[in-house]
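Survey of secondary and tertiary structure
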Amino acid sequence: MNPSIAAKLAQLASRLDQVNAALESADVTADLDRFRALARERSELDPVVTLYREHARVEQSLRDAEALLADPDMRELAEAELVEGRDRLVGLEQALQQALLPRDPNDERNIFLEIRAGTGGDESALFAGDLFRMYTRYAERNGWKVEVISQNASELGGFREVIAKLVGHGAYSKLKFESGGHRVQRVPATETQGRIHTSACTVAVLPEADEVSDVVLNPAELRIDTYRASGAGGQHVNKTDSAVRITHLPTGIVVECQDDRSQHRNKAQAMSVLAARIRDAQVRSQQAKQAAERKSLIGSGDRSERIRTYNFPQGRVTDHRINLTLYKIDQIMDGDLSPLVSALAAEHQAEQLAAMAETETA
């Protein structure tokens, strides 16, 4: 094992002992906030330290087996234990490397999902509707809640734009690689000659911002307009100014929300979306300034790049970032995104491991 990794693991093991001791202290149990913070830290440290201590146990077993090689009666048993132990050690070292990878602090957050029709006119709007259904079905499979924040439906169906909040454990960790350009190739319902058309939509996945700690919104920098909601809604529509439009003057970011009859709730939802967009812009700006020498294969945040193609005549879905093609378009459009999500996460992890290896050898 690399000496720097071994030293870091030893520090984590020592810290876990300190945390466990503190959690048994009467002073800590009386302070609920501190108790929760320590309990959360223990839950993060415990799996890593467990692997580290198992690694140490296997290393000791290997040393014991090597000492038995000189004994003719024990040599065969010792050789078998050495083979098994070395294989186990390799697996443990790989698991420890993965456990030490930096975690995305946003992984457990809820998300705002934004889908916008692009090139392709009505067919693009229909595809935006299909994408929204795909993500909705995926959310249902994970037991997440879907709240539509705003929608701009097209005349023939689908959406010119739809924004939804997905509430569920690990929502961002699962869908954070979905941001980008999604292209569809199929024969539109409006096509009379059976020709295949190509259309596109853009998808943005933003982690929900903590309004208190993540983004500071200065009221002086906000222009808040209210207006009468449009669309279906019976007698209520056009009688009260329940719809809200918020403009963040420094960045020009505009958020509208009119899906709720309560102006107060529409304003609260719009503020949440605004905070998420501002935070996302800040993070992407910071990443661009850092200009890392090794560009991540996925998750660059460039929403103009084409990340995936859905080819209906061939029944395939291709993710261009990892050169993965799956011939199961019906299942994917019905929300079975697990093969794509898992493959993207694995590739991202491989990139992190490679970057860690480069750092260690530098």
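A quick note: this is a predicted structure, and the numbers were derived from the prediction, not measured. Within each chain, residue numbers correspond to sequence positions counted from 1 in written order. Owing to the predicted nature of the model, reporting of local features is limited to residues with pLDDT of at least 70; listing and counting of side-chain atom pairs is limited to 80 or more, with chain, interface and lining totals taken over all residues. Note: side-chain values were computed over all heavy atoms of the structure, leaving out hydrogens and water.

Attention shifts here to the sheet that holds strand β8 (residues 253–257). Strand pairing is assigned whenever DSSP detects at least two bridges linking the two strands. A helix here means a DSSP run of H or I that spans at least four residues, while a strand means a run of E at least two residues long, and both kinds are numbered starting from the N terminus. Reading across from one edge, β6-β7-β8 is the order of the 3 strands in this open sheet, with antiparallel pairing throughout. Every other strand in the sheet has two partners, leaving β6 (222–227) and β8 as the edge strands with one partner each. Shown here is a sheet whose adjacent strand axes are inclined to one another by a mean of 15°, direction ignored. Note: strand β7 (residues 243–248) against β8, 5 bridges, orientation antiparallel. Each bridged residue has a counterpart across the sheet, and for Arg245 the counterpart in β8 is Glu256. Lines fitted to C-alpha atoms define the axes here, with helix axes fitted over just the stretch in contact, and angles between the N-to-C directions of these axes take values from 0 to 180 degrees.

This next bit is on the packing of helix α1 (residues 3–23) against helix α3 (residues 32–68). Direction vectors running N to C along α1 and α3 enclose 140°, while the axes themselves pass 9 Å from each other. One finds that α1 runs oblique with respect to α3. By crossing handedness, the relation of α1 to α3 is classed as left-handed. Counted together, Ala6, Leu9, Ala10, Leu12, Ala13, Arg15, Leu16, Asp17, Val19, Asn20, Ala22 and Leu23 of α1 and Phe35, Leu38, Ala39, Glu41, Arg42, Leu45, Asp46, Val48, Val49, Tyr52 and Arg53 of α3 form the full contact between these two elements. Oblique is the label for every angle not falling under 35 degrees (roughly parallel), over 145 degrees (roughly antiparallel), or within 65 to 115 degrees (roughly perpendicular). By convention, the crossing between two helices is left-handed when the near helix turns anticlockwise from the far helix through less than a right angle, and right-handed when the turn is clockwise. The contact definition used throughout considers only heavy atoms, calling two residues in contact when any of these lie within 4.5 Å.

Think of a sheet as strands paired side by side through backbone hydrogen bonds, with each pair either parallel or antiparallel. Read across the open sheet, the 8 strands follow the order β2-β3-β1-β5-β4-β9-β10-β11; overall the sheet is mixed. The strands lining the two open edges of the sheet, one partner per strand, are β2 (145–153) and β11 (324–326). Across the sheet, the mean angle separating the axes of adjacent strands is 15° when strand polarity is ignored. Inspection of the sheet shows β2 paired to strand β3 (residues 159–167) by 8 bridges, in the antiparallel sense. Note that in β3 the partner of Gln151 across the bridge is Val162. Against the sheet, helix α5 (residues 121–141) touches β1 (111–117), β2, β3, β4 (180–186), β5 (197–207) and β9 (306–311), its axis set at about 115° to β4.

With that out of the way, let us pick up the packing of aromatic side chains. Two measures describe an aromatic ring pair: the distance that separates the ring centres and the angle between the ring planes. Side-chain rings of Phe, Tyr and Trp (the six-membered ring for Trp) are treated as a pair once their centres are within 6.5 Å; stacked means planes under 30 degrees apart, edge-to-face means over 60, and tilted covers the remaining angles. Applying the stated criterion to the full structure yields 3 aromatic pairs. Between the aromatic rings of Phe127 and Tyr310, the centroid separation amounts to 5.4 Å while the plane-to-plane angle is 65°, which identifies the pairing as edge-to-face. Here the residue Phe127 occupies a position in helix α5, and Tyr310 occupies one in strand β9, the gap between them amounting to 183 residues. No difference in accessibility class separates Phe127 from Tyr310, as the two residues are buried. Ring centres of Tyr138 and Trp144 lie 5.6 Å apart, and the angle between their planes is 85°; this geometry places the pair in the edge-to-face category. Residue classification places Tyr138 among the buried residues on the basis of a relative accessible area of 3%. One Lys or Arg, Arg186, reaches over the ring of Phe312 and ends 5.0 Å from the middle of that ring. Throughout this description, buried means an accessible area under 20% of the type-specific maximum (1.4 Å probe, protein chains only), exposed means over 50%, and partly exposed covers the range between. Working rule: Lys NZ or Arg CZ, within 6 Å of ring centre, within 35 degrees of ring normal, means a charge sits over the ring.

What follows deals with α5. Its 21 residues give α5 an end-to-end C-alpha distance of 31 Å, which sits within 8% of 30 Å, the value for a rise of 1.5 Å per residue. Of the residues one or two after α5, Gly143 is the one with positive phi, at around 75°. The span you would expect from a helix comes to 1.5 Å times its residue count less one.

The phi angle at Asn323 is positive, at roughly 55°, despite the residue not being glycine. The exposure class assigned to Asn323 is exposed, which follows from its relative accessible area of 69%.

Before going further, it helps to spend a moment on the nonpolar core. Formed by 32 residues in total, the largest nonpolar core has its most connected members in Ile115, Leu131, Tyr135, Leu175, Tyr310 and Leu337. Of all the elements in the fold, those that place two or more residues in this core are β1, α5, β3, α6 (171–175), β5, α8 (329–333) and α9 (338–361). Sorting elements by how many residues they give to this core places α5 first, with 8 residues. Not counting residues within four places of it along the chain, the set of residues in contact with Tyr135 comprises Leu113, Ile115, Leu175, Glu178, His182, Val203, Arg308 and Leu337. In these notes, a set of buried Ala, Val, Leu, Ile, Met, Phe, Trp, Tyr and Cys residues joined through side-chain atoms within 4.5 Å is what counts as a nonpolar core. Membership of the second largest hydrophobic core comes to 19 residues, among which are Val244, Val273, Leu274 and Ile278.

Attention now goes to the confidence of the model for the protein chain. pLDDT expresses how confident the predictor is about each individual residue, on a scale running from 0 to 100. For the protein chain, the average pLDDT comes to 84, and 88% of its residues sit at 70 or higher. Looking over the protein chain, one finds the lowest element-wise mean pLDDT in α9, namely 78, and the highest in α8, namely 97. Here residues 232–238 scores under 50 on pLDDT; set against residues more than four positions off or in separate chains, the count is 9 contacts. Contacts of residues 290–303 to residues separated by more than four positions or lying in other chains number 32 contacts, the stretch itself having pLDDT below 50.

Another aspect to go through is the pattern of salt bridges. Criterion for a salt bridge: a side-chain nitrogen of Lys or Arg within 4 Å of a carboxyl oxygen of Asp or Glu. Inspection of every chain in the model, using the stated rule, returns 25 salt bridges. One salt bridge in this structure joins Glu161 and Arg116, with 2.7 Å as the shortest N-O distance. Note that Glu161 is positioned in strand β3 and Arg116 in strand β1, a separation of 45 residues in sequence. When its relative accessible area of 26% is taken as the criterion, Glu161 is described as partly exposed. Notably, a salt bridge pairs Glu147 with Lys145, separated by 3.5 Å at the nearest N-O pair. On the basis of relative accessible area, Glu147 is assigned to the partly exposed category, the value being 21%.

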